[in-house]
Every structure is written in C-alpha cells, then in structure tokens.
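Breakdown of the fold
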Amino acid sequence: ATATAGPRSFSAAEVRARCAQGACLVSCRGRLYDLSAFVRLHPGGEQLLRRRAGSDVSAALDGPPHRHSENARRWLEQYYVGDIEPGDEQSFSEPVDEKAVDAAAQTPEQTDLCYKTVNVEKDLVDWQKPLLWQVGYLGEKYDEWVHQPVDRPIRLFHSDVLEFLSKTAWYVVFMVWTPVVLYLSWVSYTSLAQGNTRLFSSFTTEYSIPVHKYYFPFIFLLGMILWSLLEYLIHRFVFHMKPPASNYYLITLHFLLHGQHHKSPFDSSRLVFPPVPASLVIGFFYGVLRVLLPEVLGLSVFVGGLCGYVIYDMMHYYLHYGSPKKGTYLYGLKAYHVKHHFEHQKSGFGISTRFWDYPFQTLIPEETFKKED
C-alpha cells in the first residue's frame, strides 16, 4: 500500500520569504494558513490581516476585541497548508514590520500553495454533482449545514443553460434597471406636471388633494424607504425561513432563493438577483401599487422602490467584495453583514441599512463590533 503523505512543514524563514513576496501566511497553534486569497474579503479590512502576516493569530481569534465564531474557525481551516517546523513556533510571536505590511499590500500575491476548500469526502453532499437536487435529502441536517459557509463555487443545475442563467455579474443589474428607473422617473414627473393628479379622488372629489410635480422627489424617496422595509421583510421572513425537515421541495426552494448564498457567501456570480426572475417579482409589486394608488402616484412610488432595489443589489455586492475605508458607513455595514453570515444568521437582516433591525429588535449586538487594535 502507498503511504499517505503527511502535512508539509514550513520554517519561519520560508514563511517570511513568502510574506515578503506578497503572500499573507499566519499560524495558529502550530498550523500554517495562507490567507492570500482572503485578505481583500476580510470584514475587518485587508490591512488588519496584513499586519498579522507571518505571526501567530491564536490570541486574535480568541479575542479581544471579539472571539471569532465557530464558522470563522471552520473558514480558516479551508486555507490550511501545513505545519510550522518544531522549534520555530516562537518566531511567530515577534512584531510585524509595518512598512513591510504596506509594501506587501501593493505587491501582487505570489503563492503556489494549494488550498483545501472543503472536505468533499466527509461532507453531506457530493460536490462533484449539482447541489440543488441533493440538499432536500439533508432533512433536519440542512439548517446547520447551510449555515456553515465554504469558500468554493456552487453548481446548482445539471443544465449548462440553467446554470448560466442562475449567475449574474453585478454590473448587469445596473445596466438593465438604471435606464428603466430614468425613463419611468421622466414619465412620472411629466405626468404630474400636467396638474390633474389628485389623491383620494376615488373616494371624494370635494376633499381630494392635488399632487404637484414638485412632490415627485418626496414620493420617489417614499418609494425608496418602502423598498428598504420590503428588503428587510423579504430577507428575514422569506430568505431566512426554516423549511420543515420533512419537506424536500421547501428545502430545495430555500437553497435556490438564499441558502446557496449562505453556503458560499463569496461566490461573486450569485450576489445579485438575475434580471429575468427579478422582473417577475418587480412586475408583481408594480401591479399591487397600481391597485392601491392612482396610476401616476403608484408609478412614482414604484420607480423610487426600483431605484432602492438597484442600490441594494449594488451594495450587497460591495459588502462582500468591496474595501470600504475604515470609519465610513460602508465599512461598518460590511462588518455588520459579514457577521450575519458567519455568526448571527438569525439577526442582522438589514443590508443597505440597519434601520429596520432596531424596531424589529433583530440588531446584531454592538459589543461584537469593538474597535480592533
């Protein structure tokens, strides 16, 4: 029988040399991890990891400022590449050169190390086959499995055509819906400018309220606010429903709608909603507004909501792949959203804003966002 090769050992000098070339290797309890592919995705910012390149991160994982979740520790294991040579562990407690960190951040990542993305032999599904038709059989194990994220792409369908249609680049949403927003905004404004739109006219003519064209920005803003509420409600009650363990079809539907995103949160091709299914949902809500409001008012609210949707999709992509400046609104929102993925899946449902998490009492505890040293 052929002997299985054990983990490779790395000397402190070799690790330092790789870090000097732009790689980001860290140790934890004698094990070595290459985070080069993860630094730009880190919710605490790239520089925070760069400052720890070539050092031991055991204390940082245990906190303060916060203890990393079990999901974060599982995520780290995906980048395991070997062990530290005996006797070299002490070298990883030495301080890191800040100038070297800044230089490494400007250096293209150079690494030939291979990453273990997931233990395909021990996982509950066969990663060599489309997952959509497998997850329904996980039953009571599905909820725990889907909330243990991995860093690898997911294939949903057998059909190459369906698989292609299930993926969308972020800029497609902007290119498809921005012209629609601009056109419908012009139609709404010019219709209001005719001066014959009145609120409550279907109930009373004596006390109906005229709606002038100058009201359009406020109606548009109302639509955006209503969208932010709808965004929260859909994310919480639809995307995060817990399907019955005995219902194969509801588990499959949940995985298709949102579960696959929680299983692979950094799959860039599935961070925004494909235009074809989005148009069906958007059309439904437009029909509801047409029934509830006069035609022009319904259209004005709708176009504001549509603009809010476009902003939401762009922000969602950016919260996963962007590098916002520390101290900015988006920096805090990125940390907030990634916390939702890794540690607080039952709270933190706001994406473009945390506002609705306050009144609905689903805010992620503030103590988990203490300032990093």
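As the structure is a prediction and not an experimental result, all values here were calculated from the model. (Residues numbered from 1 in each chain as written. Predicted model: local features only at pLDDT ≥ 70, side-chain atom pairs only at ≥ 80, totals over all residues. Heavy atoms only, no water.)

**Section: the UniProt feature "binding site: Zn(2+)" (unreviewed entry) in the protein**
Quick reminder of the rule: UniProt positions are given in the numbering used here, feature names are shortened, and annotations may be inferred rather than shown by experiment. Within this scheme a cavity is a closed region of a 1 Å grid, computed over the protein atoms alone, that accommodates a 1.4 Å probe without allowing it to escape, whereas a pocket is open but has protein on both sides within 12 Å along at least five of seven lines; lining residues each have an atom within 4 Å of a point. Runs of H or I in DSSP of at least four residues are treated as helices and runs of E of at least two as strands, each being numbered from the N terminus. Between buried and exposed lies partly exposed: a residue is buried under 20% and exposed over 50% of the maximum accessible area for its type, with that area taken using a 1.4 Å probe on protein chains only. Contact between two residues is taken to exist if any of their heavy atoms lie within 4.5 Å; hydrogens are not considered. N or O atoms closer than or at 3.5 Å make up a polar contact, with two conditions inside protein: a donor-capable atom paired with an acceptor-capable one, and, for residues adjacent in sequence, both atoms drawn from side chains.
With numbering matched to this structure, UniProt assigns "binding site: Zn(2+)" (unreviewed entry) to H235, H240, H258, H261, H262, H316, H320, H337, H340 and H341. Lining the largest pocket, from the set of annotated residues above, are H235, H258, H261 and H316. Within the secondary structure layout, H320 lies in helix α12 (residues 295-321). A relative accessible area of 1% means that H320 is categorised as buried. The residues touching H320, leaving out its near neighbours within four places in the chain, are L41, H261, P265, F266, L271, K334, H337 and H341. By relative accessible area, H341 is classed as buried at 1%. Not counting chain neighbours up to four residues away, the residues in contact with H341 comprise N71, P149, H261, H262, P265 and H320. Looking at H341, its side chain comes within polar contact range of the side chain of H261, at 3.1 Å.

**Some remarks on a nonpolar patch on the surface**
Counted only if it meets this: Patch definition: residues above 30% relative accessible area lacking any salt bridge, with like charges linked at up to 9 Å and the nonpolar side chains Val, Leu, Ile, Met, Phe, Trp and Tyr linked at up to 5 Å. Where accessible areas are quoted, they stem from the Shrake-Rupley method and a 1.4 Å probe; at the residue level, only the protein chains shown are allowed to cover. Salt bridge, as applied in this entry: a Lys or Arg side-chain nitrogen positioned within 4 Å of an Asp or Glu carboxyl oxygen.
Among the surface-exposed residues, F237, V238, L250, L253, L256 and L257 lie close enough to one another that they form a single nonpolar patch of about 450 Å² accessible area. Of all the secondary-structure elements, those providing two or more residues to the nonpolar patch are α9 (216-239) and α10 (248-263). No other element matches α10, which puts 4 residues into the nonpolar patch. For L256, the position within the fold is in helix α10.

**With respect to the nonpolar core**
To keep things clear, this is the line we draw: Residues enter a nonpolar core if they are buried and are Ala, Val, Leu, Ile, Met, Phe, Trp, Tyr or Cys, with the set joined through side-chain atoms within 4.5 Å.
Counting residues in hydrophobic clusters, the biggest one holds 33 residues, and the most contacted among them are V173, W177, I282, F302, V303, L306 and Y309. Looking at this core, the elements that each hand over two or more residues are α8 (170-193), α9, α11 (275-292), α12 and α13 (329-342). The element that contributes the greatest number of residues to this core is α12, accounting for 15 residues. In this view, L306 contacts W177, V180, V181 and I282; residues no more than four positions away in its chain are not counted.

**Comments concerning the environment of A335**
Here A335 shows up in helix α13. Take A335: its relative accessible area is 15%, and that puts it in the buried class. Between the C-alpha atom of A335 and that of H320, which follows or precedes it by 15 residues, the distance is 9.5 Å.

**Here's the deal with the confidence of the model for the protein**
Threshold: The predictor attaches a confidence to each residue, called pLDDT, with possible values from 0 through 100.
For the protein, per-residue confidence averages 83 on the pLDDT scale, and 82% of positions sit at 70 or higher. Predicted confidence for residues 100-117 stays below pLDDT 50, and this span has 50 contacts to residues more than four positions away or in other chains.

**Overview of the layout of surface pockets**
Rule in force here: Grid points are joined across faces, edges and corners, and a volume is the space filled by probe spheres set on the points.
In this structure, the largest pocket encloses a volume near 1,300 Å³. Along its surface, the largest pocket is lined by 50 residues, and F239, F273, A278, V281 and Y309 are the ones closest to its centre. Every element with two or more residues in the lining of the largest pocket is listed here: α7 (160-165), α9, α10, α11 and α12. Per element, the largest residue contribution to the lining of the largest pocket is 11 residues, and it comes from α9.

**Things to note about the sheet that holds strand β2 (residues 25-28)**
The line we're drawing: When DSSP finds at least two bridges between two strands, those strands are taken to pair.
The 4 strands lie next to each other as β1-β4-β3-β2, forming an open sheet whose pairing is mixed. For this open sheet the edge positions go to β1 (9-10) and β2, each flanked by a neighbour on one side alone. Here 4 bridges tie β2 to strand β3 (residues 31-34), and the two strands are oriented antiparallel to one another. Residue L25 lies in a different strand from β3, and its bridge partner there is D34.

**Here's the deal with the packing of aromatic side chains**
The criterion, for reference: Pairs were defined over the aromatic rings of Phe, Tyr and Trp, the Trp ring being its six-membered one, requiring ring centres within 6.5 Å. Orientation was assigned from the angle between planes: stacked under 30 degrees, edge-to-face over 60, tilted for the rest.
Considering all chains together, one arrives at 27 aromatic pairs under this definition. Arranged with centres 6.4 Å apart and planes meeting at 35°, the rings of Y183 and W186 form a pair that is tilted. Here W186 and Y183 lie together in helix α8, a separation of 3 residues that amounts to about one turn. Here Y183 falls in the exposed class, since its relative accessible area comes to 51%.

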